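Notes for the structure review
Residues per chain are reported as follows:
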Amino acid sequence: MLAKIRTPLAAALCCVGLGAGVAGCDGDAMEKWDPFAASTSAAPTSGAAPISGTQKITVAGRSVNVSCSGEPVEGGPVVVLMHGGGDGLDKMASLQKTLSGKHRVCSYDRLGAGASDQPDGPQDLAGSGRILTGVLDRVAGKTPVVLAGHSLGGLIAARYAPDHQDRVKGLVLLDATPPTMMSDIEKAIPKSAKGPAAELRAQNLAIFQGQNPEKLVIADGEVRSAGDIPVEVVRHGKPYLEALPEYGPRLERAWAAGQRKWLALSGRSRLSTAAGSGHYIYVDEPGVAVQAVERVAGEARGR
């Protein structure tokens, strides 16, 4: 990504797509984008032993760091946690531990994050989706899954689910990067902006263009239906984006509107606010995150 993000707001927006270090964005470079339509599965691993703890698996010739815990629940889905940009599966370890008391829970580092391989070059959502498919093949097999993603991880999960309705039976989006984040930033912070605002605008637009640890190119896209699945959209309650004078309130309003846009994923979507939380809801208010995942997992059971 760019040299250094010097303000808390910049770091927060970076998380919007990719997380604290990769900053929030992801997508193909095309305006009308069907990123996962061409996704392909990794080599079958049906004979492999279940993963317990953290280990490396091979997906599409790349080493991917995966962690799994908890016991399978009859008729229940496997919960798969997806970290934000700039983070790794270790950031969600506490949430995974808590959830694994009642569920089978797995997480993984995307290429360019944590202990997984670096990408060969620029990535788009289609490539990210292929890696996710390979991970799901290994950790869940034919068992349905619930994807629970924070920030960029939430955006990736929400883009992936519509094309994989056969296996994704629920979504939890924890302050997920909005589907139109790039245009939101361009509108909220005009080209005429000066000083820190101008720097923030340039940094985040560069991040969306692939200047982030995952080399993930991110484009805005429409929200498509993921079927009649339970979806929990949880947004932050502490207005941290307002830290930028003049333009901060605009960014907060755009973020809130972006969370509402995700409701179009399903007729069973629900929006709530973690009143005492900043961007990292699962850190600031872990109980809120746990309850959201457990509600969706419960509704997805047997689907």
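Quick summary incoming for the structure in this document.

Rules behind the numbers
Residues numbered from 1 in each chain as written. Predicted model: local features only at pLDDT ≥ 70, side-chain atom pairs only at ≥ 80, totals over all residues. Heavy atoms only, no water. Helix = DSSP H or I, 4+ residues; strand = E, 2+ residues; numbered from the N terminus. Contact = heavy atoms within 4.5 Å. Areas by Shrake-Rupley, 256 points an atom, 1.4 Å probe, with all protein chains shown as cover. Pairing = 2+ DSSP bridges. Axes fitted to C-alpha atoms, helices over the stretch in contact; angles between N-to-C directions. Buried < 20%, exposed > 50% of the residue type's maximum accessible area, 1.4 Å probe, protein only. Right-handed = clockwise from strand over helix to strand, strands pointing away. Disulfide = S-S within 2.5 Å. Expected span 1.5 Å × (residues − 1). Arc of directions from axis to C-beta. Phe/Tyr/Trp six-rings, centres within 6.5 Å; stacked < 30°, edge-to-face > 60°.

1. Quick notes on the overall build of the protein
Per the secondary structure count, the protein includes nine helices and eight strands. Long-range contacts, defined as pairs at least 24 residues apart, comprise 78% of the intrachain contacts of the protein with a sequence gap of at least 6. When the accessible surface of the protein is split by element, carbon and sulfur atoms take 51% of a total near 11900 Å².

2. Comments concerning the sheet that holds strand β7 (residues 231–236)
Spatially, the eight strands line up as an open sheet ordered β1-β2-β4-β3-β5-β6-β7-β8, and their pairing is mixed. Pairing within the sheet leaves two strands with one partner each, and these edge strands are β1 (53–59) and β8 (269–274). Strand after strand, the sheet turns through a mean of 20° between neighbouring axes, direction not considered. Bridge analysis of strand β3 (residues 78–82) against strand β4 (residues 105–108) gives three bridges, and the strand direction is parallel. Note that in β4 the partner of Val 80 across the bridge is Cys 106. Contacts from helix α7 (residues 248–261) reach β7 and β8 within the one sheet, and its direction differs from that of β7 by about 170°. In the packing of helix α9 (residues 286–300) onto the sheet, the strands contacted are β3, β5 (145–150), β6 (168–174), β7 and β8, and the crossing angle to β6 comes to about 165°.

3. Comments concerning the pairing of β7
Within β7, six of the six residues are buried, leaving the element largely enclosed by the surrounding structure. Summarising the sheet, β6 and β7 pair through four bridges and their orientation is parallel. The residue of β7 that forms the bridge with Leu 173 is Val 233. Both β7 and β8 contribute to a ladder of six bridges, which runs parallel. Across the sheet, the residue bridging to Arg 235 is Thr 273, located in β8. Since β7 and β8 lie parallel, the crossover through α7 that links them has a hand, and here it is right-handed.

4. So, helix α5 (residues 181–188)
The element α5 is largely enclosed, with a buried count of six among its eight residues. Restricting attention to buried positions, one finds in α5 the residues Met 181, Met 182, Ser 183, Asp 184, Ile 185 and Ala 188.

5. Things to note about the state of the cysteines
All chains considered together, the criterion is met by one disulfide. For Cys 68, the disulfide goes to Cys 106, at an S-S distance of 2.1 Å. Between Cys 68 and Cys 106, the disulfide has an S-S torsion of 115° and is therefore right-handed. Of the two residues, Cys 68 is situated in strand β2 (residues 62–69) and Cys 106 in strand β4; the sequence distance between them amounts to 38 residues. Cys 106 gets classed as buried once you look at its relative accessible area, which sits at 1%.

6. A short note on α9
In a regular helix each residue adds 1.5 Å, so 15 residues correspond to 21 Å; α9 covers 21 Å between its end C-alpha atoms and thus fits that length. Among the residues making up α9, those that are buried are Ala 289, Val 290, Ala 292, Val 293, Val 296, Ala 297 and Ala 300. Buried residues of α9, viewed axially, fall in a sector of 165°; they line one side. Of the surrounding elements, those touching the buried residues of α9 are β3, α2 (93–99), β5, β6, β7 and α8 (281–284).

7. Structural notes on the packing of aromatic side chains
The description of two aromatic rings rests on the distance between their centres and on the angle between their planes. Counted by the stated rule, this structure contains one aromatic pair. Between Tyr 280 and Tyr 282, the ring centres sit 5.9 Å apart and the planes meet at 65°, which makes this aromatic pair edge-to-face. Neither Tyr 280 nor Tyr 282 differs from the other in exposure class; each is buried.

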